[in-house]
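# Residue-level structure breakdown
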Amino acid sequence: MRQKVWPLLAAVPDVFVRRRPDGTWTVELNTDTLPRVLVDNAYAAELAAGGDAAAKHFVSECRQSGGWLVRSLEQRARTILKVAVEIVRRQEAFFEEGVSALRPMTLRMVADEIGMHESTVSRVAAGKHLACERGIFDLRWFFTQALAATDGGEAHSATAIRDRIRDLILAEDPRKTLSDDRLMAILRNDGVDIARRTVAKYREGMNIPSSVQRRRLKSAAAS
């Protein structure tokens, strides 16, 4: 059976999250991953001064395009930082306690908070990675669906529940492997309003065999 792993094992982070001495968190961009555009104004001025009208027009257009690209990249960097800061703010408990403390969070929540369109947040998060004390994570990993609480309280993160299912299975008695019904009962007892088919869906999504298959595999390994 697959062992517990983090979402990413190796990637170049776009954002660093570090703990300050006072226990709060700071979010910084990894400047090494940001594209760089240099506009050589001195060379452009030299060409414009010695050329004809067509050359001057060409140089002017190039300088405008270069300036626009520089401003666009700066705006993109600021947007990445805004999204990352809001993710850290909403998921602060994760950085303190781990995956079990993840909270439900949607693209819309972040977009509304930072005053951007949901599609913009989605584009910014795509392919970006965050490095912290707990490892390196895809920014999209922090966006997680909600599962209702049985008592009507705060909803649970689907990602946290998947992690809980995996932990329960890893710790199970090889002679009494936990069925999906039993996993559902444990989670409901913990206050998670979850159906058996959802437990099965999460388990299968993690490539974990059924309880019957696990019992056979563990018995074979022990013999």
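All values derive from a computational prediction rather than experimental measurement.

## Quick word on the overall build of the protein
Of regular secondary structure, the protein possesses nine helices and six strands. For the protein, whose C-alpha radius of gyration is 25 Å, the value lies well above the compact-globule estimate of 17 Å for 223 residues. With the C-alpha coordinates of the protein rotated into their principal frame, the extents come out at 85 × 45 × 35 Å. The buried share of the protein, reckoned over its 223 residues, is 38%. Pairs at least 24 apart in sequence give 60% of the contacts found in the protein among residues at least 6 apart. Carbon and sulfur atoms provide 52% of the accessible area of the protein, an area that totals close to 13200 Å². Where the 35 positive side-chain charges of the protein centre and where its 29 negative ones centre are 6 Å apart.

## Looking at the environment of leucine 69
Positionally, leucine 69 belongs in helix H2 (residues 53–90). What makes leucine 69 partly exposed here is its relative accessible area of 33%. Leucine 69 sits 33 residues away from arginine 36 along the chain, and the two C-alpha atoms are 9.7 Å apart.

## As for the pattern of salt bridges
Per the stated rule, a full pass over the model turns up 17 salt bridges. Between arginine 103 and glutamate 154 there is a salt bridge whose closest N-O contact spans 3.2 Å. Note that arginine 103 is positioned in the loop between helix H3 (92–97) and helix H4 (107–114) and glutamate 154 in the loop between strand S5 (146–147) and strand S6 (156–157), a separation of 51 residues in sequence. Two residues, aspartate 193 and arginine 188, come together in a salt bridge whose shortest N-O distance is 3.1 Å. For aspartate 193, a relative accessible area of 36% corresponds to the partly exposed category. By relative accessible area, arginine 188 is classed as partly exposed at 37%. A network of salt bridges, in which partner residues are shared, links Asp180, Asp181, Arg196, Arg203 and Glu204.

## Details of the pairing of strand S2 (residues 25–29)
Within S2, four of the five residues are buried, which leaves the element mostly enclosed by the surrounding structure. Counting the residues between successive antiparallel strands, the hairpin from strand S1 (residues 15–19) to S2 contains five residues, one of them, glycine 23, with a positive phi of roughly 95°.

## Side note on the confidence of the model for the protein
Overall, the predicted model of the protein reaches an average pLDDT of 88, with 91% of residues at or above 70. When mean pLDDT is compared element by element in the protein, helix H7 (residues 180–189) scores highest at 97, while helix H1 (residues 41–50) scores lowest at 69. The low-confidence segment residues 1–6, where pLDDT is below 50, has 18 contacts with residues more than four positions distant or belonging to other chains.

## Describing the pairing of S1
When S1 meets S2, the two strands line up antiparallel, connected through five bridges. When the sheet's bridge partners are listed, arginine 19 is paired in S2 with tryptophan 25. Where S1 meets strand S3 (residues 129–132), two bridges bridge the pair, whose relative direction is parallel. In the strand pairing of S3, valine 15 is matched with leucine 130.

Calculation rules
Residues numbered from 1 in each chain as written. Predicted model: local features only at pLDDT ≥ 70, side-chain atom pairs only at ≥ 80, totals over all residues. Heavy atoms only, no water. Helix = DSSP H or I, 4+ residues; strand = E, 2+ residues; numbered from the N terminus. Rg over C-alpha atoms; globule rule 2.2 N^0.38 Å. Buried < 20%, exposed > 50% of the residue type's maximum accessible area, 1.4 Å probe, protein only. Contact = heavy atoms within 4.5 Å. Areas by Shrake-Rupley, 256 points an atom, 1.4 Å probe, with all protein chains shown as cover. Lys, Arg positive; Asp, Glu negative; His and termini not counted. Charge placed at Lys NZ, Arg CZ, Asp CG, Glu CD. Salt bridge = Lys/Arg side-chain N within 4 Å of Asp/Glu carboxyl O. Pairing = 2+ DSSP bridges. pLDDT = per-residue confidence, 0-100.

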